[in-house]
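# What the coordinates show
This is what each chain is made of:
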Amino acid sequence: MLGAILLMMQSALPSPAPLPVTGPVLPKALRVTARCDPSGDDIVICGKTDPDQYRLRPLGPPPGGKPLPPMTAKLGNGTIDGRAKEHCVGGFCAPAAVVTFKVPF
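Let me sum up the structure you'll find in this document. (Residues numbered from 1 in each chain as written. Predicted model: local features only at pLDDT ≥ 70, side-chain atom pairs only at ≥ 80, totals over all residues. Heavy atoms only, no water.)

## Considerations on the side chain of Asp81
Inclusion rule: Elements are defined by DSSP. Helices are runs of H or I of four residues or more, strands are runs of E of two residues or more, and each kind is numbered from the N terminus. Think of a polar contact as two N or O atoms within 3.5 Å of one another; within protein, one of them needs to be a possible hydrogen donor and the other a possible acceptor, and neighboring residues in sequence only count if both atoms come from side chains. Should any heavy atoms of two residues lie within 4.5 Å, those residues are counted as being in contact.
Relative to the helices and strands, Asp81 is located in strand E2 (residues 78–89). Polar side-chain contacts of Asp81 include one of 3.2 Å to the side chain of Thr72. The contacts of Asp81, once residues within four sequence positions are left out, are Met71, Thr72, Val98, Val99, Thr100 and Lys102.

Pasting the structure below:
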């Protein structure tokens, strides 16, 4: 019964009319052409358009020769190992630190 009343109320009320547009209206955006021509008396600001200018570059191999060996230390009865690795997930690769704790039993 309550559902039927709610459905009737929903269809009985007319939708409100849209508000009229009054006052100043912004002009449509102008198309900006990318040019850098500092001729004349105008002040022109030219920027770099390189999208990779702030990206980190790969470091490559260490300058002294081979990379550091994995770290191994004794901790209680077991040993703890630490090493650097690169993991790839979904086509994105990133460096990672791997720590392994081994306990004999």
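What follows picks up the thread again.
## Describing the pairing of strand E1 (residues 71–75)
For the record, the criterion: Following DSSP output, two strands are said to pair if at least two bridges run between them.
As paired strands, E1 and E2 are joined by five bridges and run antiparallel to one another. The partner of Thr72 across the bridge, within E2, is Asp81. Hairpin connection, E1 to E2: the antiparallel pair is bridged by two residues, and Gly76 has positive phi, about 65 degrees.

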